[in-house]
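Residues per chain, in single letters:
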Amino acid sequence: MDRSPLYDTFARAPLAFARGEGCWLETTDGDRYLDFSSGVAVNSLGHAHPKLVEVLSDQAGKLWHVSNLFRIPEQEKLGQLLCDASFADKVFFGNSGAEAVECAIKTARRYHFVSGHPERRRIITFAGAFHGRTLAALAATGNAKYLEGFGPTPDGFDQIPVVDDLKAVEAAIGPETAAILIEPIQGEGGVRLIGGPFLRELRALADRHGLLLIFDEVQTGIGRTGKFFAHEWSGVTPDIMAVAKGIGSGFPLGACLATAEAAKGMTAGTHGSTFGGNPLACAVGAAVVETVGAPEFLDHVRRMGLYFKQRLAGIVDAHPGVVSEVRGEGLLVGVRCVLPVGDVIAAMRGEKLLGVAAGDNVVRLIPPLIVTETEIDEAIARFDKALAALTPVRAG
Ligand SMILES: *Cc1c(COP(=O)(O)O)cnc(C)c1O
């Protein structure tokens, strides 16, 4: 009988870690693993980053929590940093990606409500999306597997079956449409890049129909793709954006960013969070944003991303029948597998290299953004060995 006190919601690998440093993790048994999972694109500055340890320890000795009944200088500082680094004028802080998405949805609907269009409450979303596990975020995600058995799905979401189908988006727009919600790169969906031209078309459609454009950059934001936000690659700016994962480098933190116009309905009492934007989280978040936002740092991410993809292309060529394609931007990299992705990840674990499965039979290789060329070389050597140990599917 399973005696674990924990919910059985996760299929956990039989590994437990005791400490980490940079891109490395050490198990409770003293084995060292090269971490190209980053806690699912979270540990942007790696493990136990000296600056973050210092900032967190310093803040821990001063003040942890006061609630949003009061001004929080650390929250104001981080809010200003995020606005200075983006299209946004206003920020709301929560503790996770799903909460950031919830706030984005509420902000969009409330904008139309105070603009005299309470009927505009429907959000257009895309197949293959992932927006989180709260009920509304799941309704936006639209994945039947995640919704089954959880009762009525919140209404108000219209999913486009094929991403990139502009005609279908246009056809889905009606008098009740409030916004379009999309990830610039679908992370959980399998590192699927959404083209800049399509994002520009969505921006134009939104403008033409008075809709708000929402980007979910929970996974792609904060330097992961080599720009501070992934949408910068396309030159398209949203009205509202959800951010989380990498922003705390492991400290739980999420944020919803918006223009002043888009956020105009979010007045006193309309939304809240007990823990959101607490001094500990925001002190760490500010240190992360200042570090990642430096031009040299983003240069580094772009250079490492290019180098990694080049090296991976060679590996993919060497193992047809096991893996088939490399894709991604910056250090959000996916390798499409021919064999089941679970087998590839298990083989990688055998070589003490960690990655993360995604949709479309893709393994994500998402190292901390501080990864070095030497560590990429080491990951490539381990990945090569792992793939060599698998029996390829023979070309028919
Ligand atoms: C991970 C993720 C979420 C959900 O974040 P949680 O912190 O798990 O709630 C939402 N959107 C995207 C794009 C994500 O990758």
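Before any of the text, the structure's been laid out above.
All values reported here derive from a predicted model rather than from experimental measurement. (Residues numbered from 1 in each chain as written. Predicted model: local features only at pLDDT ≥ 70, side-chain atom pairs only at ≥ 80, totals over all residues. Heavy atoms only, no water.)

Colleague: Whenever I open this one, the overall build of the protein chain confuses me. Can you help?
Modeller: A count of helical and extended segments in the protein chain gives twelve helices and 17 strands. For a compact globule of 396 residues, the expected C-alpha radius of gyration is about 21 Å, and the protein chain comes in at 21 Å, within 12% of that figure. Relative to its full complement of 396 residues, the protein chain shows a buried share of 51%. Taking the contacts inside the protein chain whose residues are at least 6 apart along the sequence as the reference set, 73% of them involve residues at least 24 apart. (Helix = DSSP H or I, 4+ residues; strand = E, 2+ residues; numbered from the N terminus. Rg over C-alpha atoms; globule rule 2.2 N^0.38 Å. Buried < 20%, exposed > 50% of the residue type's maximum accessible area, 1.4 Å probe, protein only. Contact = heavy atoms within 4.5 Å.)

Colleague: Help me out: how do you make sense of the site of the ligand in this one?
Modeller: The ligand sits among Ser-96, Gly-97, Ala-98, Phe-130, His-131, Gly-132, Glu-183, Asp-216, Val-218, Gln-219 and Lys-245. Taking Gly-97, its main chain carries an N or O atom lying 2.8 Å from an oxygen atom of the ligand. One nitrogen or oxygen atom from the side chain of Lys-245 is found 2.6 Å from an oxygen atom belonging to the ligand. Considered on its own, the ligand offers 390 Å² of accessible surface; in the complex 81% of this is hidden by protein. (Near = heavy atom within 4 Å. Polar contact = N/O pair within 3.5 Å; in protein donor to acceptor, adjacent residues only side chain to side chain. Areas by Shrake-Rupley, 256 points an atom, 1.4 Å probe, with all protein chains shown as cover.)

Colleague: I tried to follow the sheet that holds strand β11 (residues 240-243) on my own but got confused; where do I start?
Modeller: Each strand in a sheet pairs with another by means of backbone hydrogen bonds, the pair being arranged parallel or else antiparallel. Pairing in this open sheet of seven strands is mixed, and the strands run β4-β12-β11-β10-β7-β5-β6 from one edge to the other. Every other strand in the sheet has two partners, leaving β4 (90-94) and β6 (157-160) as the edge strands with one partner each. Direction aside, the axes of adjacent strands within the sheet are offset by 20° on average. Of the pairings in the sheet, the one linking strand β5 (residues 122-126) to strand β7 (residues 177-182) comprises three bridges and is parallel in character. Bridge assignment links Ile-123 to a residue of β7, and that residue is Ala-179. Across the sheet, helix α8 (residues 196-209) is in contact with β5, β7 and β10 (212-216); its angle to β7 comes to roughly 165°. (Pairing = 2+ DSSP bridges. Axes fitted to C-alpha atoms, helices over the stretch in contact; angles between N-to-C directions.)

Colleague: Looking at this structure, I do not really get the pairing of strand β3 (residues 32-35). What am I missing?
Modeller: The side chains of a regular strand alternate between the sheet's two faces. In this sheet, β3 lies alongside strand β2 (residues 24-27) in antiparallel orientation, the contact comprising three bridges. Paired with Trp-24 across the two strands is Leu-34, which belongs to β3. Hairpin connection from β2 to β3: four residues lie between these consecutive antiparallel strands, with Gly-30 at a positive phi of about 90°. In this structure, β3 lies alongside strand β15 (residues 353-354), joined through two bridges in parallel fashion. Across the sheet, residue Leu-34 finds its bridge partner in β15, namely Leu-353.

Colleague: Explanation requested: the nonpolar core in the structure shown.
Modeller: Within soluble globular proteins, side chains that are nonpolar generally end up buried alongside one another. Counting residues in hydrophobic clusters, the biggest one holds 82 residues, and the most contacted among them are Phe-126, Val-363 and Phe-383. Counting residues in hydrophobic clusters, the runner-up holds 25 residues, among them Ala-104, Ile-105, Ala-137 and Val-218. (Core = buried A, V, L, I, M, F, W, Y, C linked by side-chain atoms within 4.5 Å.)

Colleague: For this particular structure, what's the right way to read the packing of helix α2 (residues 50-60) against helix α9 (residues 279-292)?
Modeller: To describe two helices that pack against each other, one gives the angle between their axes and the distance between the axes. Packing of α2 against α9 leaves a shortest axis separation of 9 Å and a crossing angle of 155°. By the criterion of interaxial angle, the relationship of α2 to α9 is roughly antiparallel. When the axes of α2 and α9 are compared, the crossing they make is right-handed. Residues Leu-52, Val-55, Leu-56, Gln-59 and Ala-60 of α2 lie in contact with α9, whose contacting residues are Pro-279, Leu-280, Ala-283, Val-284, Ala-287 and Val-288. (Parallel < 35°, antiparallel > 145°, perpendicular 65-115°, else oblique. Left-handed = near helix turned anticlockwise from the far one by under 90°.)

Colleague: Where do I start with the environment of Gly-189 in this structure?
Modeller: In this fold, Gly-189 is placed in the loop between β8 (185-186) and β9 (192-193). Once the C-alpha coordinates of Gly-189 and Asp-360 are considered, the two residues, 171 residues apart in sequence, prove to be 6.6 Å apart. Contact partners of Gly-189, with chain neighbours within four places excluded, come to Gly-128, Gly-359 and Asp-360.

Colleague: Help me understand the packing of aromatic side chains, please; the structure alone is not making it clear to me.
Modeller: Geometry of an aromatic ring pair is reported as the spacing of the ring centres plus the angle between the planes. By the definition in use, this model includes five aromatic pairs. With a centroid separation of 6.0 Å and 85° between ring planes, the pair formed by Phe-126 and Phe-198 is classed as edge-to-face. One end of the pair, Phe-126, is in strand β5; the other, Phe-198, is in helix α8, with 72 residues separating them in the sequence. Phe-198 shares its class with Phe-126; the two are buried. In this arrangement the basic side chain of Arg-32 is found over the ring face of Trp-24, its NZ or CZ atom lying 4.5 Å from the centre. The aromatic ring of Trp-233 is capped on one face by Lys-227, whose charged end is 4.9 Å from the ring centroid. (Phe/Tyr/Trp six-rings, centres within 6.5 Å; stacked < 30°, edge-to-face > 60°. Lys NZ or Arg CZ within 6 Å of the ring centre and 35° of its normal.)

Colleague: Sorry, what's going on with unusual backbone geometry here?
Modeller: The phi torsion of most residues other than glycine is negative, and most of the peptide bonds are trans. A positive phi angle, close to 85°, is found at Asp-164, a residue other than glycine. Looking at where Asp-164 falls in the secondary structure, it is placed in the loop between β6 and α7 (166-172). The phi torsion at Ser-249 lies on the positive side, around 50°, for a residue other than glycine. Residue position: Ser-249 is located in the loop between β11 and β12 (254-258).

Colleague: Is there a simple way to think about the sheet that holds strand β13 (residues 323-329) in this case?
Modeller: If you walk across this open sheet you meet the four strands as β13-β14-β17-β16, and the pairing is antiparallel. Taken across any chain shown, the strands that pair with only one partner, and hence form the sheet edges, are β13 and β16 (356-358). Strand-to-strand twist of the sheet, defined as the mean angle between neighbouring strand axes without regard to direction, takes the value 30°. Two strands pair when backbone bridges link them, and β16 and strand β17 (residues 362-365) are joined in this way by three bridges, in the antiparallel orientation. Bridging across to β17, Val-356 finds its partner in Arg-364. Where helix α10 (residues 295-318) meets the sheet, it contacts β13, β14 (332-337) and β17, and its direction lies at approximately 170° from that of β13.

Colleague: Help me understand the pattern of salt bridges in this model?
Modeller: Oppositely charged side chains can pair when the atoms bearing their charge come close. For the structure on display, the rule yields 19 salt bridges. Lys-264 is the salt-bridge partner of Glu-261, the closest N and O atoms lying 3.2 Å from each other. Salt bridges sharing partners connect three or more residues here, namely Arg-121, Arg-122, Asp-155, Asp-158 and Glu-176. (Salt bridge = Lys/Arg side-chain N within 4 Å of Asp/Glu carboxyl O.)

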